[in-house]
Amino acid sequence: MAKAISMREKKEELDTVTIYIMGQGYKVPSSLTIMKAMEYAGFKLKRGVGCRAGFCGACATVYRKLGDYKIYANLACQTKVEDGMYLTQLPFVPANKAEYNLDEIKPSISTMLRFYPEIARCLSCNACSRVCPQDIQVMDYVQYSLQGQIDKAAELAFDCIQCGLCAIRCPAEIPQYHVATLARRLHGRYHMIAPDTLEQRVKEIEEGKYEKGFEELMSLSEEELKKRYVARDFIDQKKA
Amino acid sequence: MIRGYPESMRKSIDKVNKTRDKRIDQIMKDLTLEEREKVLHEFHPDYNPAYKRDIGWGQNKGDNVPNEVADILESYPIYDPDEIDLSQIDYDVGVLIIGAGGAGTAAALWTVYSGVPKDKILLATKLRLGDCNTVMAQGGIQAADRPEDSPLIHYLDAMGGGHFKNKPELVKALVSDGPKIIKWHKELGLMYDQNEDGSFVENAGGGTSRNRMHCAKDYTGMEIFRNLKDEVINNEIPLLEFSPAVELLKDENGRVAGALLYNLETKEYSVVRAKTTILTTGGFGRLHIAGFATTNHYGATGDGIVMAYRAGAKLRDLDSTQFHPTGAAFPEQIVGLLITEKVRSLGAQVLGKNGEQICYPLEPRDVEAASIIKVTKSTDNYVETPTGMRGVWLDSPLIEEIRGKGTIDKNLAAMKRMFSRFDIDMTEDPILVHPTLHYQNGGVELDEHGYTSVPGLLGAGEISGGVHGKNRLMGNSLLEVNVFGRRAGITAAKEYKRGKKPGKLTLSHVKKAIEQIDTLNLKKKRFSPVILPEYRSEAVRDRLIQLFESSL
């Protein structure tokens, strides 16, 4: 489809590319991300925009390129525009999230199947992994969940930003990113046990061990407090 | 372009890569308190009077704040108060929480935990549940839980970082609740990084004297939020998305008694009546203070301070703004985005164009930022990008020299991914940085229970002022949203049980504010809250027209 060029656009001397937002053509500077290009074109975004830094998963964008049969997907805030992109953004992803009380469940196959029985429908087509903008091996963590290897599922799914592209692409209709949340929470709760030092410190604070120290620090003048601050010792910080 | 960088920048990168072995054990001295003051006064935007002015009306009249903050306070409401019918109540609740970020969700959960029935809670938010700065926080959350550490040492670090201007009882609350918050998070199933012996991975941050930065790779905020969000859904807390508050409502006794919400999609308003309102709307990065790019979320437009101010709440410490020392300066597409302080925690040095260190890498944030601005503004020791942006190097490959190959993959996955999207490999080459607008240090004054100075109104998170004084330390904001979100939730539940019913709803406080703003004789009539920033191109904005009422 050829884009109609307005007289105004003809005057512009910027290095531009033509992109198609929901089928409609716009000329935009070639240095922009998809998100900034949409704004440049005149869209005031409400849906499909969030942190603008690749962390929130709001701006999942599906596109084809002129003359290329493939479907691409990526985050609009982290992808540079290319000439001939046909773009659409997912305003919302319908995907059921199971409700559960983490105190009452255990990390096991049966837990995963109880809340997400649809994982048993996985066809191993790998469409989910291929579409993931975070390059997560989504199909593999679904399979780990199905095998009860909750730890491996959780670790593999850790970088998920919950954009929902996997769930939209899945022919077996699995809400992968919600499955991932359940796996991570089970792993974090039941396998990654906090060190005793944490509980000890909580107890000390509740018993008022530091109250006197606070009272003293809070009674100091700014000058006295500065002296304490400057005199405080540092421990070796190269080890984590 | 050679591996993501133009040839002009490659020459400088070669020097950085060649000097690395020499620098590995070279430690820059940190600045004395006097030297800190000097570099701040000369180069930190907070200390530049051209960027600031005094507030012209109200309870903080005369306070010197950034122009952008004065602008939104000296603005008219974005609706006509005479058009609003307050007799029709759409939601009648015990606790209204405005803003579903880290603080808002923590507050909602602790309201439930403290016994308020879920159908008596409303969580309203501008965009989606979790469209907030919390999900973007990378580096970590402070909590003094190691034997060699204590809440008292954490207190000293935080006070010093804040130039001793923090509100002491808030700092005490922050540091005392730290370990408790980590314990709660573990019950929720958070995957905090652990060492092989089971201890938590804990790093240093700028201005901390102990390693107490708990992390989940460099997705710490996201990992915290994913869990809080999941719990909000599991607890079936009533949620309204795409519905920002545009004003607080009061009753005839002067108590805050709910809010006016606006549906961004249908454009209708709704009236919420609430016994207690918790303001958790976050900060103001998207106002682009002093013209800086920002790390912040799209919705961070300072709406909460406007609404609170019109309702009579006292503000504090808004004269200070946090510029994060390391925002991306290259490539163009990600300028201003956050390069987590964890990169420096793990050992990366800050370098000039010839590969020499320019400052101690872990000063408190304001000092580190000012030290970098000093180099880009008053020397020629910076690197310039093809679009004219100036920056200094952050020597990320050094991390792997110090801590071994694979450290970046394991600890900085988000950062590595962001740069690799633009063909830059931060394990092989340094990354270019410049300070970027990051955090609203001040805000609505709270006490340690979450009360503001106005009855009926609580607050938590970045909206608040006092916890961080004039400068926040890394890892104290993720802690703050949890500590004060939790405290506000508990307090709101107590208020709920006291059972004071709100009286007749009114916007008379807004009408009084309008009278005061009238006296300022503004040259250009402004409106706030801002709700969303304006990024459409000028060519488009010049042609915008408003159609008359029709079926469109």
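Residues numbered from 1 in each chain as written. Chains lettered and ligands numbered in written order. Predicted model: local features only at pLDDT ≥ 70, side-chain atom pairs only at ≥ 80, totals over all residues. Heavy atoms only, no water.

Here we take up the nonpolar core. If you look at the biggest cluster of nonpolar residues, it comprises 188 residues, and the most contacted ones within it are A:Ile19, B:Leu96, B:Ile305, B:Ile339 and B:Trp393. Among the elements that line this core, the one with the most residues is helix α14 (residues 476-498) of chain B, at nine residues. Residues contacting B:Ile339, with those up to four places away along its chain left out, are B:His324, B:Thr326, B:Gly327, B:Ala328, B:Leu394, B:Met415, B:Met418, B:Phe419, B:Ile431 and B:Val433. (Core = buried A, V, L, I, M, F, W, Y, C linked by side-chain atoms within 4.5 Å. Buried < 20%, exposed > 50% of the residue type's maximum accessible area, 1.4 Å probe, protein only. Helix = DSSP H or I, 4+ residues; strand = E, 2+ residues; numbered from the N terminus. Contact = heavy atoms within 4.5 Å.)

Residues and elements named next belong to chain B. Looking at the assigned domains, one finds that chain B contains domain 1 (7-30 + 323-437) and domain 2 (81-320 + 441-506). On a C-alpha basis, the centres of domain 1 and domain 2 stand 31 Å from each other. Counting residues at the interface gives 28 residues for domain 1, matched by 27 residues for domain 2. Taken together, both faces of the contact between domain 1 and domain 2 bury some 2200 Å²; the carbon and sulfur share is 57%. It is Lys342, Arg365 and Leu437 that lose the most area in domain 1 upon contact with domain 2, and together they represent 30% of the buried surface on that side. Here domain 1 is connected to domain 2 by zero salt bridges. The interface formed by domain 1 and domain 2 holds 16 residue pairs in polar contact (both at pLDDT 80 or more) in total. Split into classes, the residues belonging to the side of domain 1 that touches domain 2 amount to 14 nonpolar, six polar and eight charged. (Domains from an automatic or database assignment. Buried area = accessible area lost by both parts, 1.4 Å probe. Salt bridge = Lys/Arg side-chain N within 4 Å of Asp/Glu carboxyl O. Polar contact = N/O pair within 3.5 Å; in protein donor to acceptor, adjacent residues only side chain to side chain. Nonpolar A, V, L, I, M, F, W, Y, C, P; charged D, E, K, R; others polar.)

Residue and element names in this part refer to chain B. Judged by pairing direction, the sheet is mixed, and its three strands sit side by side in the order β12-β19-β21 without closing on themselves. Looking at the sheet topology across the chains shown, the edges are occupied by β12 (315-316) and β21 (464-465). As paired strands, β12 and strand β19 (residues 443-445) are joined by two bridges and run antiparallel to one another. Looking at β19, one finds that Arg316 is bridged to Gly443. (Pairing = 2+ DSSP bridges.)

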